[in-house]
Amino acid sequence: MIAWPKQSYRGLRLGTRLALGLGALSLVVFAVVGTALTTYMRDYLSAQLDDQLAIAQVAQSKSLVDSGSLAGKKYWGWYYAVYDVRAGEPVLRKPEEPGDVPQDVDELTALAKAQTTADAEMLSTAHIAGQGEYRLRACEVEPGVVLVSGAPMDDLEDTVGQLITIQVVTFGLALLTLVVFGRALLRRGLKPLSDMAHTAHDIASHDLTESASRVPLRADAPGGGPEVEELRTAFNTMLEHFDDSLAVRTEAEQRLRRFVADASHELRTPLMSVRGYADLFQYAAANAPEERDKHLARLRAEAARMGFLLDDLLLLARLDAAEVETPLRMENADLVELVEHAADAFRASHPGHPLTMTPGPAAVPLRMDPHRIRQVLDNLLTNAAVHTPADTPVHVEVTVSPDAARVHVADQGPGIPPDDRDSVFDRFYRVDRARSRDRGGSGLGLSVARSLVQAHGGSLELSPTAKTTVFTVTLPL
């Protein structure tokens, strides 16, 4: 029986529930105000009636003392009873007029008896049979004589009843007006929230595919006050963040597609070569000793090339998941010594590219993986030799700042076109659009180098100038 109203109430809209709550609160306030006003009015009228009884008894007591009878003005419907209490029990005197006392005098007699032991006048409210509610007052006229007067309370109850009726009607109309107009005002004030709800529904039904990765919907309806404005701002900020996340996701998906396509292309070429050389062994000519050795050497070269590619891909995957398994083996090593070894190896393997090393600090001890940092240096130096003409000078320099050590690898070659500068660190990216391998490998070298440096907490940057190519490795001290 109780669950159904609760369920129905929860199904109402917020504006209706607020209006009903406001109405219930107003009803409590009206009830408290009406009760206080009615109680005050009843007490006030009762006090007025008590004063009227006291004034009437003063005049009538004087008349009893002077003439022995009730003289003066008598109010219609009032009762006047005189009791002799000399014997200890109240004895009712014969009334001067038949209407001075009611048929049932028990309440009046009880009050007269109580007056015999009291030091002041007695007041009480009593129900007289057949007559209704009366306000009774007893006072001592003279020793042994008590006067009990009774005033009907019908007029007082009628007045209080009329007041209650007026309050009920007035408060009822005020409550109805408050609920109706309050509901309209609340509905108007909550309209921005409804607009945001509609916007959220529209977003839920919006196409979030790659071609429509942005949400063009915003909660722009004004109004609602500062609180709603804060909510609207937060809602739109969330949508902006949602748009940014969708853009990042779309870009990541596109990069993943390019990565899969490039990886497939890079792996397809050596696999096709291996398959082709394997097919040659089906012919007798290919089984001759000199032919077999030549084809086996090429098979090993293609397999090695494919192995290098897979090693680079595996290393990048491990670097991407470095929070799970780091591929670095950290130890204390001298950066200057690593750079000198890399320079010596470059001079031996690329005699056609003169290399100079600017004198710098004697030693730069760092916490690093010397094998991986050497791999980065070899990659940058080889990159300078492969992508520049013969006799192009290469320059290496080590510098130290208060918070980092830097290795600069520069060449005086043709440089990198401005359009390609932002993409040189992308995986499988080559400046050579023909994807030829006579001037470069798989396009993973710079990507691997940057990932290794970042795994050390540093950075690998390309200088913004287009006249020379300068790569800068930054490692924290």
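Scroll up a little and you will see the structure.
Read on for a plain summary of the structure. Note that the coordinates shown come from a computational prediction; the quantities given were computed from them, not determined experimentally.

## Digging into the overall build of the chain
Move 1: Of the regular secondary structure elements, the chain holds 10 helices and 12 strands.
Move 2: Taking all 477 residues of the chain together, the buried fraction comes to 34%.
Move 3: In the chain, once contacts between residues fewer than 6 apart in sequence are set aside, the share between residues at least 24 apart is 63%.
Move 4: When the accessible area of the chain is evaluated, it comes to approximately 28,100 Å², of which 59% is carbon and sulfur surface.

## So, the sheet that holds strand 3 (residues 122-128)
Move 1: Overall, antiparallel pairing links the 5 strands, which are arranged 2-1-5-4-3 in an open sheet. Of all strands in the sheet, those with a lone pairing partner are strand 2 (91-92) and strand 3, marking the two edges.
Move 2: Looking at chain direction, strand 3 and strand 4 (residues 132-142) are connected through 7 bridges and run antiparallel. If you follow His127 over to strand 4, its bridge partner there is Glu133.
Move 3: Packing of helix 3 (residues 106-115) onto the sheet brings it into contact with strand 1 (79-84), strand 3, strand 4 and strand 5 (145-152), and relative to strand 4 it is tilted by some 35°.

## Section: a negative patch on the surface
Move 1: Taken together, the side chains of Glu133, Asp154, Asp155 and Asp158 make up a negatively charged region of the molecular surface.
Move 2: Here the negative patch takes 3 residues from helix 4 (residues 154-189), the largest share from any one element.
Move 3: Mapped onto the elements, Asp155 comes out in helix 4.

## A look at the sheet that holds strand 11 (residues 459-462)
Pairing between the strands of a sheet comes from backbone hydrogen bonds, and it takes one of two forms, parallel or antiparallel.
Move 1: Spatial strand order, 7-9-10-12-11: 5 strands in an open sheet with mixed pairing. The sheet is open, and its two edges are formed by strand 7 (355-358) and strand 11, each paired on a single side. Within the sheet, the average angular offset between the axes of one strand and its neighbour, ignoring direction, is 15°.
Move 2: Alignment of strand 10 (residues 404-411) against strand 12 (residues 469-476), held across 8 bridges, turns out to be antiparallel. Note that in strand 12 the partner of Ala405 across the bridge is Leu475.

## A short note on the packing of helix 8 (residues 335-349) against helix 9 (residues 370-386)
The description of two helices packed together rests on the angle between their axes and the distance between the axes.
Move 1: At a minimum axis distance of 10 Å, the contact between helix 8 and helix 9 shows a crossing angle of 40°. Comparing the axis directions of helix 8 and helix 9 gives the class oblique. The handedness of the crossing between helix 8 and helix 9 comes out as right-handed. Here helix 8 contributes Leu335, Leu338, Val339, His341, Ala342, Ala343, Ala345 and Phe346 to the contact with helix 9, which in turn contributes Pro370, Ile373, Arg374, Leu377, Asp378, Leu381, Thr382 and Ala385.
Move 2: Class assignment of the residues belonging to the contact of helix 8 with helix 9 gives a composition of 12 nonpolar, 2 polar and 2 charged.

## A closer look at the packing of aromatic side chains
Move 1: A complete count under the given rule lists 5 aromatic pairs for this structure.
Move 2: Plain terms: the ring middles of Phe30 and Phe171 are 4.8 Å apart, the flat faces sit at 15° to each other, and that makes the pair stacked. Note that Phe30 is positioned in helix 2 (residues 14-67) and Phe171 in helix 4, a separation of 141 residues in sequence.
Move 3: Look at Phe171 and you get partly exposed, because its relative accessible area is 22%.
Move 4: Through successive ring pairs, a cluster of aromatic residues spans Tyr75, Trp78 and Tyr80.

The rules behind these values
- Residues numbered from 1 in each chain as written.
- Predicted model: local features only at pLDDT ≥ 70, side-chain atom pairs only at ≥ 80, totals over all residues.
- Heavy atoms only, no water.
- Helix = DSSP H or I, 4+ residues; strand = E, 2+ residues; numbered from the N terminus.
- Buried < 20%, exposed > 50% of the residue type's maximum accessible area, 1.4 Å probe, protein only.
- Contact = heavy atoms within 4.5 Å.
- Areas by Shrake-Rupley, 256 points an atom, 1.4 Å probe, with all protein chains shown as cover.
- Pairing = 2+ DSSP bridges.
- Axes fitted to C-alpha atoms, helices over the stretch in contact; angles between N-to-C directions.
- Patch = residues over 30% accessible without salt bridge, like charges linked within 9 Å, V, L, I, M, F, W, Y side chains within 5 Å.
- Salt bridge = Lys/Arg side-chain N within 4 Å of Asp/Glu carboxyl O.
- Lys, Arg positive; Asp, Glu negative; His and termini not counted.
- Charge placed at Lys NZ, Arg CZ, Asp CG, Glu CD.
- Parallel < 35°, antiparallel > 145°, perpendicular 65-115°, else oblique.
- Left-handed = near helix turned anticlockwise from the far one by under 90°.
- Nonpolar A, V, L, I, M, F, W, Y, C, P; charged D, E, K, R; others polar.
- Phe/Tyr/Trp six-rings, centres within 6.5 Å; stacked < 30°, edge-to-face > 60°.

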